[in-house]
Amino acid sequence: MIEFKDVIKEYPNGFRAVDNLNLTVRDGEICVLIGPSGCGKTTALRMVNRLIDVTRGEILINGQPNDEFEPEVLRRQIGYAIQQIGLLPHMTIRDNVAIVPRLLDWDEERVRQRVDLLLDMVGIDPGIQGDKYPRQLSGGQQQRVGVARALGADPPIMLMDEPFGAVDPITRAILQEEFLQIQQEVGKTIIFVTHDIDEAIYMGDRIALLRAGRLVQYDTPDDLLALPRDDFVREFVGTDRSLKRLHLISVRDSMMNNVPCCDDDATLQEVTACLDRHHSDSAFVVDAGNGKLLGWVERPALVEYGSLSEAMHHAPAASIAVPEDATAREALSVLLSHSFDLTPVIDAEGVLTGGVSIQRLQDLVEEPGIHAAMQRERGR
Amino acid sequence: MIAFLGGCFASFGFFFLPVIEVKPNRLASGLPVGLLEIPGDMRYLLLFLLALTPVLLAFMGDRNRRGWALAAVGNLIVILTLYLPALAGSAYLVGAEALFEAGTRISNPRILSSAAIAFGLAGGGVVLFAGLLDLEGCGVPRLVRGLAGAVGALVVVAMLAGGTLDVYSIMVEYHSRGEALALRFLEHIVFVLVALAAGLIVGIALGLWASRDAKAEDAILYTVGIIQTIPSLALFGILLVPLARLGDLHFLSLARDWLLLAAIALAAALALRRLHTRLPERARQFSLVAVFILALIPLSLLAVLIIAFGFEVALTVLTTSELALLRSVTGLALILFLILISTGKRLDLERKLPQYRRWRFLPLFAAALGALLLLAQGAGRLLGNSELAELTIRDFGVSGIGTAPAIIALTLYSLLPLVRNTYAGLKNIDPAIIDSGKGMGFTAAQSFFRIELPLAFPVIMAGVRNAAISLVGIAAVASIIGAGALGDFILLGVNSTSIDQILLGTVPAVLLAVIMDAGLKVLESLLTSPGIRQA
Ligand SMILES: Nc1ncnc2c1ncn2[C@@H]1O[C@H](COP(=O)(O)OP(=O)(O)OP(=O)(O)O)[C@@H](O)[C@H]1O
Ligand SMILES: [Mg+2]
C-alpha cells in the first residue's frame with residue numbers, strides 16, 4: 001500500500017508542483033495518475049522512490065514513511081520504468097534485466113533463471129534476443145525489456161512513467177493488453193502515469209486526475225466517466241465519455257438472455273408464435289441440434305414464402321454476432337453497421353446466448369455507475 | 001587512379017631528384033647523385049621503369065590481377081628504393097677520393113639518403129595501398145591482404161637487421177649512438193606515460209567536475225584552454241624558478257611544513273562545514289575560495305613530488321638490469337590479464353566457466369604486486385644511499401631543470417583534450433539512462449563507474465589518444481631544459497646541421513606516436529562494449 005499524506009513539493013525556484021496530495025494506492029491495484037502536461041504527475045511519482053524529495057508531508061509504504069529507508073535500498077525494492085526506457089546501451093538485454101537482482105547480490109544461477117522467466121513473460125526470447133544489445137531491438141521490444149527490468153527483483157511496488165508512451169498506437173495497445181495479463185499473474189501495486197485518458201481507463205483500477213498539482217478526482221474509471229466531479233473533469237475525459245464507458249462494459253454484462261429465436265426445424269406456427277411472444281418482427285435461427293446461430297428470419301418473408309427454410313437468411317455467425325467477451329462498445333459498432341434492433345451474442349462455440357439492443361446500451365450509460373454497481377453485486 | 005599517382009610520384013622523384021648524396025665528411029656538403037646518373041649496370045634504369053609500370057597497370061581491366069600486380073610492384077619499389085642506392089653508395093665510398101676536388105678533407109665519407117628515396121618510398125607505398133584496395137574489393141581475406149602489405153616492410157626490416165643498409169649515414173649514426181638512443185627513447189616513453197597518467201587523473205577529475213557543476217564549468221574549460229596556448233618554452237621557463245627553490249629544500253623540513261599546511265587546510269575545511277549555514281552568503285563564498293586555495297597548495301606540492309619521483313623511479317626500474325626478471329614477470333602477468341579479460345569477454349567465459357569469475361583478476365594482482373616490488377626497489381635505489389636528514393627534494397627528482405618541470409608542463413598540456421573529452425563524453429550521455437540507473441538503486445559511485453564511465457569511455461579514449469600523440473611531440477622540446485628524451489638528438493642535429501641526428505630523434509618519435517595511437521585504439525575497442533561501438 002502506498003499512501004500520500006498531505007504531500008507538498010516545492011521546487012527550489014518556489015514553484016509548487018504538487019500541492020497537498022492525499023492519495024492511497026491499495027495493494028495489487030493499478031493507480032493511474034493522469035492530468036494535463038505539467039500538472040505534477042512525474043513529480044508525484046518520483047517522490048515515492050525518493051528521486052525527488054518531499055517538501056512537506058510524507059509518503060508511507062506499507063505504513064512506513066519512505067524516508068526511513070536509504071534511498072538506494074528503497075529504490076531496489078521498487079520497480080521503475082520510464083517513457084525513455086533508459087536501457088543501459090552498453091549492457092546486453094539479459095544484463096539489463098539482471099541489474100537490480102545483481103545490485104541485491106543474488107547468486108548468478110538465480111539471476112539467470114529470473115531473467116529467463118521475465119524475458120519469457122514479456123514475450124522476448126531469451127535465447128535469441130537475450131544477448132543482443134538494446135540498440136539492436138525495436139522500440140516495442142525495448143519497452144518490453146524495460147518492463148521486464150522493472151520487474152527484475154520481483155518488487156511489490158512498481159512506478160511507471162508513461163511506460164508505453166514512445167511506441168505507435170498499435171504496439172501500445174498490444175503492450176497494454178500484455179501488461180494487464182502480466183499484472184493478473186503478479187498482482188503488483190502500481191502507480192502508472194499517463195496523459196492518455198483511454199490508456200488510463202483501460203489500465204487503471206483507479207484513476208487520479210491531477211490539475212496544477214492538486215488531486216481533482218480519484219475514482220474507478222467507470223465512476224470517473226459516469227460522475228465527473230466538475231467541468232474540468234468532464235472536459236478532460238472527453239465528450240465521448242459515454243462511448244468510453246461502453247468500452248469498460250463487457251457484452252456478457254450488458255446482454256439480454258431472452259431474445260426471439262427458433263430452431264431451424266421449427267414449423268411456421270412455432271415461429272410465428274415466437275415472434276408474437278416477443279412482439280418482434282424478426283427472430284434468430286439456430287441449429288436444432290447444437291444451438292449454433294445460423295441466421296435470422298423476418299415476418300414479411302415468412303408470410304411470403306410460407307416456410308422457415310425458404311424464408312430465413314443464412315449468415316456466418318461471425319459477421320452478424322458479437323462474442324460474449326467483447327466490449328459493449330463493439331456491440332454498438334455491430335448494431336450501427338447492420339442496422340439491427342438487436343445484435344445476437346454468441347459464445348466461443350458459436351452458440352447463441354443472448355442479444356444486445358441499442359435501447360439496452362442507452363440504459364446502461366444513462367444509469368450512473370451502473371457498471372460499478374453490477375460488479376459490486378457480482379462480487380457479493 | 002591512386003596507383004597512377006603513386007607511380008608518377010615515384011618516377012618523378014627518380015627522374016628529377018638525387019637519390020643519394022656522397023659526403024666527404026660529417027659537415028661538408030655532399031655530391032648529389034640521381035638514380036639515372038649512377039654509372040654501370042641497368043638495374044637503376046630498371047627501378048625507374050618499374051616505378052613507371054603502375055601508370056600502365058592502373059588501366060588494367062581485371063581487378064583481382066591488377067591488385068596483385070600493384071601490390072607486388074609497390075613492395076618491390078619500396079625494397080629496391082632502399083636497396084639499390086645502398087649498393088651504389090658502397091661503390092661510391094670505395095673510390096670516394098676520386099669524386100671530390102683535391103684538398104677536400106675526407107674523413108668518414110658517408111652516403112646521405114636524399115629526396116628521391118623519400119619519393120620512391122612514398123610512391124611505392126601508395127602503389128601498394130592501391131593494390132590492397134583492389135584486393136579488398138575482390139574479397140581477398142584480411143589476413144592475406146595484411147601479409148601482402150607487410151612483405152616490403154618485413155624485407156626492409158630484415159635488410160636493416162642484416163646490415164645491408166648500413167651504408168646510409170643515418171645507420172652509421174645509429175650504430176655509433178644506438179645505446180644512447182635506446183635510453184633516450186625509453187625516457188621519452190616514460191615521460192609520455194607518466195604525464196599521461198597524471199593528466200588522466202587530473203583531467204578526468206576536472207572533466208567530471210565541469211560536467212556536474214554548472215558554475216565551475218566555464219572556469220575549468222577556459223583554464224585548460226588557456227594553458228594550451230602558453231608556448232611550451234615559456235611554460236618550462238615559468239616552472240624553472242619555483243621548482244629550483246623547491247629542489248633546494250630539505251625533505252624533512254618540507255614534510256613538516258607540508259603536514260602543517262595540510263592540517264590547516266583540513267581544519268579550515270571542517271570549520272567551514274560547521275559554520276556554513278551560519279555565515280552570510282558573501283562570507284561563505286569568500287571563505288570557500290580561501291579554503292580551496294589553501295588546500296590546493298599542499299595537494300599540488302604532493303602531486304609534483306609524486307610525479308617527478310615517479311618518473312625517476314620508473315626510469316630506474318626500466319633500466320636497471322638486475323630487475324629484468326621481476327620486470328618481465330610483472331609484464332607477463334599484466335599481458336596474461338589482458339588476454340584473459342579480452343578473450344573472457346568474447347567467449348562469455350563468465351557464464352560458461354564459474355572458475356573464471358573467481359580467478360580472472362589473479363594475474364592483475366600478481367602484476368600489481370610485481371609493480372609494487374619494482375617501485376619499492378627503484379625507490380630504494382634512488383634514495384638508499386643518503387641519510388634521511390640530508391635528503392633534499394632534489395633527490396626526489398625535483399629541480400628547476402630536468403624532468404620535474406618537463407613532466408609538469410607535459411601534464412598540463414595533456415589536460416585540454418582529456419578534460420574536454422571527459423566533459424563532452426559525460427555531458428552527452430542521455431539523462432534518461434542515468435535517471436533509470438538511479439531509479440533502480442545505483443549509488444552515485446556505481447552510477448559513475450558502471451554507467452557513465454563506460455558510456456563516455458570511447459570519447460575519453462579519443463582524448464587520451466589525442467593527448468598521447470601531442471605529448472610525444474612536446475616531450476621532444478623538453479630536451480631544451482635538460483630533460484633528455486629524443487629531443488636531445490634533434491637539438492644536437494639542429495645545432496650541427498646534421499640531418500641524420502635529427503632523423504635519429506624523429507623517426508622513433510613518429511613510430512612511438514603511431515604505435516601508441518594504434519595500441520590505444522586496440523585497447524579502446526577491447527574495452528568498449530559492442531552495444532555502443534560505432535557500427
Ligand atoms: N527541477 C524543477 N524545477 C522547477 N520546476 C520544475 C522542476 N521539475 C519540474 N518542474 C515543474 O513542475 C511542474 C510539474 O512537472 P512534472 O514533470 O511533474 O509534470 P508532468 O505532470 O509529469 O508533465 P508531463 O505530462 O509533461 O510529463 C511543471 O510545471 C514543471 O515545469
Ligand atoms: Mg512527466
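Just so we're clear, the structure is a prediction, and the values are computed from it rather than from any experiment.

Here is what the cut-offs are and how they apply
Residues numbered from 1 in each chain as written. Chains lettered and ligands numbered in written order. Predicted model: local features only at pLDDT ≥ 70, side-chain atom pairs only at ≥ 80, totals over all residues. Heavy atoms only, no water. Helix = DSSP H or I, 4+ residues; strand = E, 2+ residues; numbered from the N terminus. Contact = heavy atoms within 4.5 Å. Areas by Shrake-Rupley, 256 points an atom, 1.4 Å probe, with all protein chains shown as cover. Lys, Arg positive; Asp, Glu negative; His and termini not counted. Charge placed at Lys NZ, Arg CZ, Asp CG, Glu CD. Buried < 20%, exposed > 50% of the residue type's maximum accessible area, 1.4 Å probe, protein only. Pairing = 2+ DSSP bridges. Axes fitted to C-alpha atoms, helices over the stretch in contact; angles between N-to-C directions. Near = heavy atom within 4 Å. Polar contact = N/O pair within 3.5 Å; in protein donor to acceptor, adjacent residues only side chain to side chain. Nonpolar A, V, L, I, M, F, W, Y, C, P; charged D, E, K, R; others polar. Parallel < 35°, antiparallel > 145°, perpendicular 65-115°, else oblique. Left-handed = near helix turned anticlockwise from the far one by under 90°. Salt bridge = Lys/Arg side-chain N within 4 Å of Asp/Glu carboxyl O. Core = buried A, V, L, I, M, F, W, Y, C linked by side-chain atoms within 4.5 Å. Domains from an automatic or database assignment. 1 Å grid on protein atoms, 1.4 Å probe; cavity = no way out; pocket = protein on both sides within 12 Å on 5 of 7 lines; lining within 4 Å. Points joined across faces, edges and corners; volume = space filled by probe spheres on them. Patch = residues over 30% accessible without salt bridge, like charges linked within 9 Å, V, L, I, M, F, W, Y side chains within 5 Å. Buried area = accessible area lost by both parts, 1.4 Å probe. Phe/Tyr/Trp six-rings, centres within 6.5 Å; stacked < 30°, edge-to-face > 60°. Lys NZ or Arg CZ within 6 Å of the ring centre and 35° of its normal.

Peer 1: Can you tell me about the overall build of chain B, naming the residues and giving the values?
Peer 2: Looking only at helices and strands, chain B has 20 helices and three strands in total. Counting only C-alpha atoms, chain B reaches 95 × 60 × 45 Å along its principal axes. When contacts within chain B are restricted to residue pairs at least 6 apart in sequence, long-range pairs at least 24 apart make up 77% of them. Accessible surface for chain B amounts to roughly 27,800 Å². Of this, 71% is attributable to carbon and sulfur atoms. Of the side-chain charges in chain B, 38 are positive and 32 negative, and the distance between the mean point of each set is 11 Å.

Peer 1: Just give me the short version of the overall build of chain A, but keep the residues and values in it.
Peer 2: Regarding its fold elements, chain A presents 20 helices and 17 strands. The buried share of chain A, taken over its 380 residues, is 54%. In chain A, the proportion of contacts linking residues at least 24 apart, taken out of those at least 6 apart, comes to 61%. For chain A, the exposed surface amounts to about 17,500 Å²; the carbon and sulfur share of it is 47%. Of note, chain A has its 38 positive side-chain charges centred 8 Å away from the centre of its 60 negative side-chain charges.

Peer 1: Quick one: what's the story with the sheet that holds strand 4 (residues 56-61) of chain A, residue by residue and with numbers?
Peer 2: Residue and element names in this part refer to chain A. Spatial strand order, 2-1-4-5: four strands in an open sheet with antiparallel pairing. In this open sheet, the two edge strands, each paired with only one partner strand, are strand 2 (16-25) and strand 5 (64-65). Where strand 1 (residues 2-10) meets strand 4, five bridges bridge the pair, whose relative direction is antiparallel. Counted as the bridge partner of Lys-5 is Glu-58 from strand 4. Those strands touched by helix 1 (residues 41-48) are strand 1, strand 2 and strand 4, and its axis lies near 120° from that of strand 1.

Peer 1: Describe the site of ligand 1, and please don't skip the residues or the numbers.
Peer 2: Residue and element names in this part refer to chain A. Near ligand 1, the surroundings consist of Tyr-11, Asn-13, Phe-15, Ala-17, Ser-37, Gly-38, Cys-39, Gly-40, Lys-41, Thr-42, Thr-43 and Glu-162. Here an oxygen atom of ligand 1 sits 2.8 Å away from a polar atom, N or O, in the side chain of Lys-41. Taking Thr-43, its side chain carries an N or O atom lying 2.5 Å from an oxygen atom of ligand 1. Protein burial of ligand 1: of its 640 Å² of free accessible surface, 62% is covered by the chains. Of all the elements, helix 1 adds the most residues to the shell around ligand 1, at three residues. By residue class, the composition of the shell around ligand 1 is four nonpolar, six polar and two charged.

Peer 1: Can you explain the sheet that holds strand 12 (residues 282-286) of chain A? Please cite residues and give values.
Peer 2: Each strand in a sheet pairs with its neighbour through backbone hydrogen bonds, running either in the same direction (parallel) or in the opposite one (antiparallel). Residue and element names in this part refer to chain A. Taken in spatial order, the four strands make up an open sheet running 11-12-13-14, and their pairing is mixed. Two strands close off the open sheet at either side, each with one partner strand: strand 11 (261-263) and strand 14 (313-314). Examined bridge by bridge, strand 13 (residues 293-298) and strand 14 share two bridges and lie antiparallel to one another. Paired with Trp-296 across the two strands is His-313, which belongs to strand 14.

Peer 1: Residue-level account of the packing of helix 10 (residues 251-275) of chain B against helix 11 (residues 281-319) of chain B, with values.
Peer 2: Residue and element names in this part refer to chain B. It is the contact of helix 10 with helix 11, at a shortest axis distance of 9 Å, that shows an interaxial angle of 150°. Taken together, the axes of helix 10 and helix 11 are roughly antiparallel relative to one another. Helix 11 is crossed by helix 10, and the crossing has left-handed handedness. Residues Leu-254, Trp-258, Leu-261, Ala-262, Ile-264, Ala-265, Ala-268, Ala-269 and Leu-272 of helix 10 touch helix 11, and the partners they reach there are Ser-287, Leu-288, Val-291, Leu-294, Ala-295, Ile-297, Pro-298, Leu-301 and Leu-302.

Peer 1: If you had to explain the pattern of salt bridges to someone new, which residues and values would you point to?
Peer 2: Taken as a whole and judged by the stated rule, the model has 34 salt bridges over all chains. Across the pair Arg-245 of chain A and Asp-222 of chain A runs a salt bridge, and its minimum N-O distance is 3.0 Å. Residue Arg-245 of chain A is found in helix 12 (residues 241-248), and its partner Asp-222 of chain A is found in helix 10 (residues 221-226); the two are separated by 23 residues along the sequence. Taken individually, Arg-245 of chain A and Asp-222 of chain A each receive the classification buried, so the pair is uniform in this respect. Between Arg-394 of chain B and Asp-248 of chain B there is a salt bridge whose closest N-O contact spans 2.5 Å. Of this pair, Arg-394 of chain B sits in the loop between helix 15 (362-383) and helix 16 (403-427) while Asp-248 of chain B sits in helix 9 (residues 232-248), and the two are 146 residues apart along the sequence. Among the charged side chains, a network of salt bridges with common partners joins Arg-94, Glu-109, Arg-112, Asp-116 and Asp-131 of chain A.

Peer 1: For the environment of Thr-343 of chain B, give the residues involved together with the corresponding values.
Peer 2: Tracing the sequence through the fold places Thr-343 of chain B in helix 12 (residues 324-347). Spatially, the C-alpha atoms of Thr-343 of chain B and Ile-79 of chain B are 37 Å apart, while their sequence positions differ by 264 residues.

Peer 1: So what about the nonpolar core? Which residues, and what values?
Peer 2: Ile-99, Met-160, Phe-179 and Phe-192 of chain A together with Phe-191, Leu-243 and Val-398 of chain B are the most contacted members of the largest nonpolar core, which has 120 residues in total. Top element by residues in this core is helix 18 (residues 444-477) of chain B. It accounts for 14 residues. Formed by 38 residues, the second largest nonpolar core is a distinct cluster that contains Ala-3, Phe-14, Ile-111 and Ala-116 of chain B.

Peer 1: A description of the domain arrangement of chain B should follow, citing residues and the corresponding values.
Peer 2: Per the domain assignment, the segments making up chain B are domain 1 (2-167) and domain 2 (179-319 + 392-534). For domain 1 of chain B and domain 2 of chain B, the distance between their C-alpha centres works out to 43 Å.

Peer 1: Lay out the side chain of Thr-316 of chain B in plain terms, naming residues and giving numbers.
Peer 2: Locating Thr-316 of chain B in the fold gives a position in helix 11. Among residues more than four places away in sequence, those in contact with Thr-316 of chain B are Gly-378, Arg-381 and Leu-382 of chain B.

Peer 1: Describe the layout of surface pockets, listing the residues and the values that go with them.
Peer 2: Residues and elements named next belong to chain B. Reported here for the second largest pocket is a volume of approximately 1,700 Å³. For the lining of the second largest pocket, the secondary-structure elements that each account for two or more residues are helix 7 (169-212), helix 8 (214-229), helix 10, helix 11 and helix 16. At 20 residues, the largest contribution of residues to the lining of the second largest pocket is made by helix 11. Residues that form the lining of the second largest pocket fall into these classes: 34 nonpolar, five polar and four charged.

Peer 1: Residue-level account of a nonpolar patch on the surface, with values.
Peer 2: Residue and element names in this part refer to chain B. A cluster of nonpolar side chains, Phe-12, Phe-15, Phe-16, Leu-36, Met-42, Leu-45, Leu-46, Leu-49 and Leu-52, forms an exposed patch at the surface whose accessible area comes to about 860 Å². Here the nonpolar patch gets four residues from one element, more than from any other, and that element is helix 2 (residues 43-57). Here Leu-45 is to be found in helix 2. For Leu-45, a relative accessible area of 33% translates into the label partly exposed.

Peer 1: An account of the domain arrangement of chain A is needed here, citing residue identities and associated values.
Peer 2: All names here are of chain A. Assigned domains within chain A: domain 1 (2-248) and domain 2 (252-365). Its C-alpha centre places domain 1 at a distance of 44 Å from the equivalent point of domain 2. At the junction of the two partners, domain 1 supplies six residues and domain 2 supplies seven residues. Roughly 670 Å² of surface becomes buried between domain 1 and domain 2 when both sides are summed, with 64% attributable to carbon and sulfur atoms. Three residues stand out in domain 1 for area buried against domain 2, namely Arg-245, Leu-246 and His-247, and they jointly supply 72% of the buried area on that side. There are zero salt bridges connecting domain 1 and domain 2.

Peer 1: How would you summarise the interface of chain B and chain A if you had to cite specific residues and measurements?
Peer 2: Every contact between the two is made by 22 residues of chain B and, on the other side, 26 residues of chain A. In this assembly, chain B packs against chain A so that about 2,100 Å² is buried in total across both faces, 61% of it on carbon and sulfur atoms. Between chain B and chain A we count one salt bridge in total. Arg-46 of chain A is paired through a salt bridge with Asp-435 of chain B; the nearest N and O atoms lie 2.6 Å apart. On inspection of chain B and its partner chain A, the count reaches nine residue pairs in polar contact (both at pLDDT 80 or more). Taken together, the elements giving at least two residues each to the side of chain B that touches chain A come down to helix 17 (431-440) and helix 18 of chain B.

Peer 1: Account for helix 1 of chain A, with residues named and values stated.
Peer 2: One turn of the α-helix equals 3.6 residues, which is why residues spaced by three or four share an orientation. Residue and element names in this part refer to chain A. The buried count for helix 1 comes to seven of eight residues, which makes it a mostly enclosed element. Lys-41, Thr-43, Ala-44, Leu-45, Arg-46, Met-47 and Val-48 are the residues of helix 1 that are buried. One or two residues past the end of helix 1 sits Arg-50, with phi positive at roughly 65°.

Peer 1: Run through the packing of aromatic side chains, naming residues and quoting values.
Peer 2: According to the stated counting rule, one finds 14 aromatic pairs over all chains in the structure shown. For the pair Phe-164 of chain A and Phe-179 of chain A, a centre-to-centre distance of 6.1 Å together with 65° between the ring planes defines the contact as edge-to-face. One end of the pair, Phe-164 of chain A, is in the loop between strand 7 (157-161) and helix 8 (169-186); the other, Phe-179 of chain A, is in helix 8, and 15 residues separate them in sequence. What makes Phe-164 of chain A buried here is its relative accessible area of 1%. Looking at Phe-179 of chain A, the relative accessible area reads 4%, which means it is buried. With 6.1 Å between their ring centres and 35° between their planes, Phe-232 of chain A and Phe-236 of chain A make a pair best called tilted. One end of the pair is Phe-232 of chain A and the other is Phe-236 of chain A, both in helix 11 (residues 231-237) and four residues apart, which spans about a single turn. Members of the aromatic cluster, joined through ring pairs, are Phe-9, Phe-12, Phe-15, Phe-16, Phe-48 and Phe-119 of chain B. Taking NZ or CZ as reference, Arg-110 of chain A lies 3.6 Å from the ring centre of Trp-106 of chain A, over its face. If you follow Arg-211 of chain A out to its NZ or CZ, it ends over the ring of Phe-232 of chain A, 4.4 Å from the centre.

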